[in-house]
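Structural description and commentary
Here are the chains, one letter per residue:
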Amino acid sequence: MIATAPALTEQGKSLLMRAIGGEQITFTRFKVGSGSLGGQSADALTDLITPVLAFSITDMDDSQEGLLALTGEFDNEEVEADFTWRELGIFAKGEDNIEVLYAYSNDGENASIVR
């Protein structure tokens, strides 16, 4: 599980601005991965560094004002080999139907192993 809160990417910020302007955005999926940032900026990422698997968003809760909680789950049976879960990506698309990496998180050396 990722402990670091995801931050908007540059593409995510652009999509958010479009939503503020009235465009509908749709959150599409999560991806998890094992990549290390290695000093690069997460803002410019367009995908995870080392994606391992993707899974659906199963619930969205906007009951707390100003917040949107996204829920998804995967079963470790989907994991073909143990990996260090460092990365979490949240993907979304606008009315143009182009999916982007909306938000990204990397736990670095505080990551855990998925078996």
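Each remark here, short or long, concerns the structure printed above.
An account of the accompanying structure is given in this report. Along every chain, residues carry numbers that run from 1 in the direction the sequence is written. It should be noted that, the model being predicted, local features are given only for residues of pLDDT at least 70 and side-chain atom pairs only at 80 or more, the latter also being counted only at that level, while totals for whole chains, interfaces and linings use all residues. Based on all heavy atoms of the structure, the side-chain values leave hydrogens and waters out of the count.

Describing a nonpolar patch on the surface
Like-charged residues within 9 Å of one another, or nonpolar side chains (Val, Leu, Ile, Met, Phe, Trp, Tyr) within 5 Å, are grouped into patches, provided each residue has over 30% relative accessible area and no salt bridge. Only the protein chains shown count as cover for residues, with accessible areas throughout obtained via the Shrake-Rupley method and a probe of 1.4 Å. Here, a salt bridge means any Lys or Arg side-chain nitrogen found within 4 Å of an Asp or Glu carboxyl oxygen. On the surface, a nonpolar cluster with roughly 310 Å² of combined accessible area is contributed by Leu16, Met17 and Ile20. Here Leu16 shows up in helix 1 (residues 10-20). Strands are runs of DSSP state E lasting at least 2 residues, helices are runs of H or I lasting at least 4, and numbering of each runs from the N terminus.

As for a negative patch on the surface
We treat Lys and Arg as the positive residues and Asp and Glu as the negative residues; His and chain ends play no part in the count. We put the charge of a Lys on NZ, of an Arg on CZ, of an Asp on CG and of a Glu on CD. On the surface, a cluster of negative charge is made up of Glu73, Asp75, Glu77 and Glu78. Relative to the elements of secondary structure, Glu78 occurs in the loop between strand 4 (69-72) and strand 5 (83-85). Exposure classes here rest on a 1.4 Å probe applied to the protein chains alone. A residue is buried below 20% of its type maximum, exposed above 50%, and partly exposed in between. For Glu78, a relative accessible area of 43% corresponds to the partly exposed category.

Observations concerning the packing of aromatic side chains
For this analysis, a ring pair means two rings from Phe, Tyr or Trp (six-membered ring only for Trp) whose centres lie within 6.5 Å, classed as stacked if their planes differ by under 30 degrees, edge-to-face if by over 60, and tilted for the remaining angles. Following the criterion strictly, the structure yields 4 aromatic pairs and no others. Here Phe27 and Tyr102 contribute two aromatic rings whose centre-to-centre distance is 5.1 Å and whose plane-to-plane angle is 90 degrees, an arrangement assigned as edge-to-face. One end of the pair, Phe27, is in strand 2 (residues 26-33); the other, Tyr102, is in strand 7 (residues 99-106), and 75 residues separate them in sequence. According to the relative accessible area criterion, Tyr102 is buried, its value standing at 10%. Cluster of aromatic residues (ring-pair linked, three or more members): Phe30, Phe55, Phe74 and Trp85.

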